Structure formats: structure tokens, C-alpha cells
Amino acid sequence: MKTLIVCHKSKMDAGAFADILNQRGYEVDIILGYNNEVSEVNPLTHDLAIFMGGPMGVYQADIFPYLNDEIKYIEKRLAADKPYLGICLGSQLMAKAMGAEVYPGKQGKEIGWHSIKVNEAGEKTPLKYLDVSQTRMMQWHGDTFDLPKEAVLLASSDLYKHQAIGYGSKALGLQCHPEVTKSNIELWLA
């Protein structure tokens, strides 16, 4: 199976995902969004697309115009019911692609190891393992989004209601960072 991972600062931002997917026999292509590489990729080519986090905001597409190409890619992917996973910025891009507003959160930044509460809908998905009863999740974001009309809320945190959303049976957006490794945190702190 072919997987596309789109990173926004460094290819290392794929974190544990690249290693886990490679170990399971997936062919993994990692590209950098800021190199405008997304515009050159057919949204239907890969079996799975994962869009990672980044320090920019979806609402800053005038400064980071490649975000518009990413939103178009995600729109086409979701319309075709192809598997998509959005992490942090990737979840915000998903929300925008579905017509929701993305904006700086009023509660400020949510950074560090925090609990998320998986709701009843989320309990029916693999997200159940990210619930406060199972683990704490790394958070590193200050932006949030309105719940898209066609999305299902799957999890919330004390600071931000929209921690995880689903769309259909093949698209998932997470504000938290399950991919994080020690190397990721060191790069983010630098």
C-alpha cells in the first residue's frame, strides 16, 4: 500500500508514522508542503494520505499559498472517500476543506501532555485508545475550528472541544500528536 505523508517544516515531522508504516510493508512517500509538491500529486494515487502539523495557520494562506493547494487536495480526497488522516494543522486543513472556519483559539496554546475525552461516537473507533482512561496525548496547537456540518465530533479536551473529528468511515482529524517522538519534541523546542 502506498502512503503519502505531507510535512510542513521537516520530513522528520512524520515522527513514528513513517517507521510504523514501513515496518508494516507500506510504501511511504514523504513530501514538504512548502515546496509546492502537493500540487504535483494526484489526490487519488495513494491508498492513505497523512497531513502533519506545522506552525502556520490555515487562515494564513496569503503568506503560505501552498496551503490552498493542500486544501484542494484534501477536498478531492474526501469527495472520493479515500483514507485521510490529519494531524494538528492537517485536521485544521480538513475542517477548512469541509467548509468550516479555522481560527486562533480563545484559550491560547495547548502545549504539553494533556488528556482528551473520547465521546460515545469516538469509542466506536480506534480513538478509544487515546481516551484519558488509556493515555495522555501530546498537544502543540493554538488554533481550532468550527465543527464542519458533515463531520462527527469524536473527542474533546478541557481547552478545546474539537480535538478529533471524523468524516465518513475513512477520514480522521486529530489536534493531538500521536506521532510524536523524542526527536520531534527536541526539534519543536529548538
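Quick note: structure is the one above.
Since the structure is predicted, the reported quantities are computational estimates derived from the model, not experimental observations.

Describing the packing of helix α2 (residues 66-79) against helix α3 (residues 89-97)
Now for step 1: Here α2 crosses α3 at 70 degrees, and the two axes come no closer than 9 Å. What the angle tells us is that α2 and α3 run roughly perpendicular. The way α2 lies across α3 gives a crossing that is right-handed. Contact with α2, carried on its side by Leu67, Glu70, Ile71, Ile74, Glu75 and Leu78, involves Leu89, Leu93, Met94, Lys96 and Ala97 of α3 and no other residues of that element.
Now for step 2: Considering only residue class, the contact of α2 with α3 consists of eight nonpolar, no polar and three charged.

A word on the pattern of salt bridges
Now for step 1: With the rule as written, the count across this model stands at two salt bridges.
Now for step 2: The partner of Lys170 in a salt bridge is Asp81, and the shortest N-O contact between them spans 3.7 Å. Of this pair, Lys170 sits in the loop between β11 (164-167) and β12 (171-174) while Asp81 sits in the loop between α2 and β4 (84-87), placing them 89 residues apart in sequence.
Now for step 3: With relative accessibility at 37%, the residue Lys170 sits in the partly exposed group.
Now for step 4: Ionic pairing is found between Asp131 and Lys117, a salt bridge with its closest N-O pair at 3.7 Å. Pair noted here: Asp131 is in the loop between α4 (120-123) and β8 (137-141) and Lys117 is in strand β7 (residues 117-118), with a separation of 14 residues, a long-range link.
Now for step 5: Accessibility expressed as a relative area gives 3% for Asp131, which makes it buried.

Focus: unusual backbone geometry
Now for step 1: The backbone phi angle of Asn36 is positive, close to 60 degrees, even though this residue is not glycine.
Now for step 2: Tracing the backbone shows Asn36 in the loop between β2 (27-32) and β3 (48-51).
Now for step 3: Taking the relative accessible area as the measure of exposure, Asn36 reaches 38% and is therefore partly exposed.
Now for step 4: Residue Asp81 is not a glycine yet carries a positive backbone phi of 60 degrees.
Now for step 5: On the accessibility criterion, Asp81 (37% relative accessible area) is partly exposed.

Some thoughts on the pairing of strand β1 (residues 2-7)
Now for step 1: Of all six residues that make up β1, five are buried, and the element is covered over most of its length.
Now for step 2: Relative to β2, β1 runs parallel, the two being bridged by six bridges. Residue pairing for β2: Cys7 is matched across the bridge by Leu32.
Now for step 3: The handedness of the β1 to β2 crossover, carried by helix α1 (residues 16-23), is right-handed.

Side note on the layout of surface pockets
Now for step 1: By volume, the largest pocket amounts to about 700 Å³.
Now for step 2: If you go around the largest pocket, you meet 31 residues; those closest to its centre are Leu85, Pro126, Leu127, Leu172 and Leu174.
Now for step 3: Here the lining of the largest pocket is composed, by residue class, of 24 nonpolar, five polar and two charged.
Now for step 4: Its boundaries defined by the atoms lining it, the second largest pocket holds a volume of some 410 Å³.
Now for step 5: As for the second largest pocket, its lining consists of 21 residues, of which Gly54, Pro55, Met56, Trp140 and His141 are closest to the centre.
Now for step 6: Mapped onto the lining of the second largest pocket, the elements with two or more residues apiece are α3 and β8.
Now for step 7: Looking at the lining of the second largest pocket residue by residue, the class counts come to nine nonpolar, seven polar and five charged.

Cut-offs applied
Residues numbered from 1 in each chain as written. Predicted model: local features only at pLDDT ≥ 70, side-chain atom pairs only at ≥ 80, totals over all residues. Heavy atoms only, no water. Axes fitted to C-alpha atoms, helices over the stretch in contact; angles between N-to-C directions. Helix = DSSP H or I, 4+ residues; strand = E, 2+ residues; numbered from the N terminus. Parallel < 35°, antiparallel > 145°, perpendicular 65-115°, else oblique. Left-handed = near helix turned anticlockwise from the far one by under 90°. Contact = heavy atoms within 4.5 Å. Nonpolar A, V, L, I, M, F, W, Y, C, P; charged D, E, K, R; others polar. Salt bridge = Lys/Arg side-chain N within 4 Å of Asp/Glu carboxyl O. Buried < 20%, exposed > 50% of the residue type's maximum accessible area, 1.4 Å probe, protein only. Pairing = 2+ DSSP bridges. Right-handed = clockwise from strand over helix to strand, strands pointing away. 1 Å grid on protein atoms, 1.4 Å probe; cavity = no way out; pocket = protein on both sides within 12 Å on 5 of 7 lines; lining within 4 Å. Points joined across faces, edges and corners; volume = space filled by probe spheres on them.

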